[in-house]
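These are the residues of each chain, in order.
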Amino acid sequence: MAGRGRPRAFDRTTALRKAMTVFWEHGYEGASLTDLTTAMGINSPSLYAAFGCKEQLFREAVAHYGETDGSWTMRALHEHPTARAALAEALRGNVLAFTNPDTPAGCMIVLAATTYTDRSEGVRDHLAEMRRSTEQAFRERVERGIAEGDVPTGADAAKIAAFYNTILQGLSIQARDGADRECLSATAESAIAAWDLLIA
């Protein structure tokens, strides 16, 4: 009877998180296979056996980010009772996440693949779609607020969503450029204060 295959000598989730950090810090194009395998503590054959290829590893790393460090936005949209409170918490929570000293600055989904080559166009498009989906989630939360009565009926949900998504992405870029938590919080609070004007 054939023996069982040799078990992997590494923890897949731990290795994935380490890869996520490399991609988050250096971007898809900037992260070499050597960078990845060194951080993950595995060799190239093990990487390919466990994850298939660099792009598949990246997509899994992005998904892991969305479930962990990048989960502030969706949690805020689902957990808060009004649209204003939900969007406010999305900004405030992400300011904390973007300036966490234990992780790279900014948002992985915003920063990891804004530029691309012919080989990485699919990666760029994948993250662009995720950024659009965040704006759509903002829009749906405002539309829910209209339906539930905490947002005026005439409010333009699409305009409000575009505004707050743009602010969120800008906060990410500013964080990567070195803006501190106090500075980003001031920007976020200004955007939150604009709510009444936006829904008028």
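Residues numbered from 1 in each chain as written. Predicted model: local features only at pLDDT ≥ 70, side-chain atom pairs only at ≥ 80, totals over all residues. Heavy atoms only, no water.

**Regarding the nonpolar core**
Here's step 1: Formed by 63 residues in total, the largest nonpolar core has its most connected members in Phe 23 and Met 108.
Here's step 2: It is helix α6 (residues 83–98) that contributes the most residues to this core, nine residues altogether.
Here's step 3: When near neighbours in sequence (up to four residues on either side) are disregarded, Phe 23 contacts Tyr 28, Ala 31, Leu 36, Lys 54, Leu 57, Phe 58, Ala 61, Met 108 and Ala 112. (Core = buried A, V, L, I, M, F, W, Y, C linked by side-chain atoms within 4.5 Å. Buried < 20%, exposed > 50% of the residue type's maximum accessible area, 1.4 Å probe, protein only. Helix = DSSP H or I, 4+ residues; strand = E, 2+ residues; numbered from the N terminus. Contact = heavy atoms within 4.5 Å.)

**Observations concerning the UniProt feature "DNA-binding region" (unreviewed entry) in the chain**
Here's step 1: As annotated by UniProt and renumbered to match this structure, "DNA-binding region" (unreviewed entry) occupies residues 32–51.
Here's step 2: Counted over residues 32–51, helix gives 80% and strand 0%. Its end C-alpha atoms are 15 Å apart. (UniProt positions renumbered as here; feature names shortened; annotations may be inferred.)

**Observations concerning the side chain of Asn 165**
Here's step 1: Its place among the elements puts Asn 165 in helix α9 (residues 157–176).
Here's step 2: Residue Asn 165 is classed as buried on the basis of its relative accessible area of 4%.

**Considerations on the packing of aromatic side chains**
Here's step 1: This model, assessed by the stated rule, comprises six aromatic pairs.
Here's step 2: Ring plane angle 75° and centroid distance 4.9 Å describe the contact between Trp 24 and Tyr 65, whose orientation is recorded as edge-to-face. Placement of the pair is Trp 24 in helix α1 (residues 12–30) and Tyr 65 in helix α4 (residues 54–67), with a sequence separation of 41 residues. As far as the burial class goes, Trp 24 and Tyr 65 line up, both buried.
Here's step 3: Joined through ring pairs, the aromatic side chains of Phe 23, Tyr 28 and Phe 58 make up one cluster.
Here's step 4: Across from the ring centre of Tyr 28, 4.5 Å away, lies the NZ or CZ of Lys 54, which sits over that ring.
Here's step 5: Lying over the aromatic face of Trp 72, Arg 75 brings its terminal NZ or CZ to 5.0 Å of the ring centre. (Phe/Tyr/Trp six-rings, centres within 6.5 Å; stacked < 30°, edge-to-face > 60°. Lys NZ or Arg CZ within 6 Å of the ring centre and 35° of its normal.)

**A few points about the layout of surface pockets**
Here's step 1: Size it by volume and the largest pocket reaches roughly 280 Å³.
Here's step 2: Residue lining of the largest pocket: 18 residues in total, with Gly 70, Thr 73, Cys 107, Ile 109 and Thr 134 positioned closest to the centre.
Here's step 3: Within the residue set of the lining of the largest pocket, elements represented by two or more residues are α4, α5 (72–79), α6, α7 (108–111), α8 (121–148) and α9.
Here's step 4: Among the elements that make up the lining of the largest pocket, the one with the highest residue count is α8 (four residues).
Here's step 5: Per-class residue counts for the lining of the largest pocket are eight nonpolar, nine polar and one charged. (1 Å grid on protein atoms, 1.4 Å probe; cavity = no way out; pocket = protein on both sides within 12 Å on 5 of 7 lines; lining within 4 Å. Points joined across faces, edges and corners; volume = space filled by probe spheres on them. Nonpolar A, V, L, I, M, F, W, Y, C, P; charged D, E, K, R; others polar.)

**Here's the deal with helix α10 (residues 181–193)**
Here's step 1: Its 13 residues give α10 an end-to-end C-alpha distance of 18 Å, which sits within 8% of 18 Å, the value for a rise of 1.5 Å per residue.
Here's step 2: Of the positions making up α10, those classed as buried are Leu 184, Ala 188, Ala 191 and Ile 192. Buried residues of α10 fall within an arc of 100° about the axis and therefore sit on the same side. In α10, the exposed residues that point more than 90 degrees away from the buried face are Glu 182, Ser 190 and Ala 193.
Here's step 3: Buried residues along α10 sit against α6, α9 and α11 (195–199).
Here's step 4: Structurally, the start of α10 carries an N-cap: the backbone nitrogen of Glu 182 is 3.3 Å from a side-chain oxygen of Asp 180. (Expected span 1.5 Å × (residues − 1). Arc of directions from axis to C-beta. Polar contact = N/O pair within 3.5 Å; in protein donor to acceptor, adjacent residues only side chain to side chain.)

**Quick notes on the environment of Ile 192**
Here's step 1: Within the secondary structure, Ile 192 sits in helix α10.
Here's step 2: For Ile 192, a relative accessible area of 4% translates into the label buried.
Here's step 3: For the pair Ile 192 and Arg 92, spaced 100 residues apart in sequence, the C-alpha separation works out to 9.3 Å.

**As for the pattern of salt bridges**
Here's step 1: Scanning all chains against the criterion turns up nine salt bridges.
Here's step 2: Two residues, Glu 55 and Arg 59, come together in a salt bridge whose shortest N-O distance is 3.1 Å. Of this pair, Glu 55 and Arg 59 both sit in helix α4, four residues apart, which is roughly one turn of the helix.
Here's step 3: Ionic pairing is found between Asp 125 and Arg 124, a salt bridge with its closest N-O pair at 2.6 Å.
Here's step 4: Overall, Asp 125 belongs to the partly exposed group, its relative accessible area being 34%. (Salt bridge = Lys/Arg side-chain N within 4 Å of Asp/Glu carboxyl O.)

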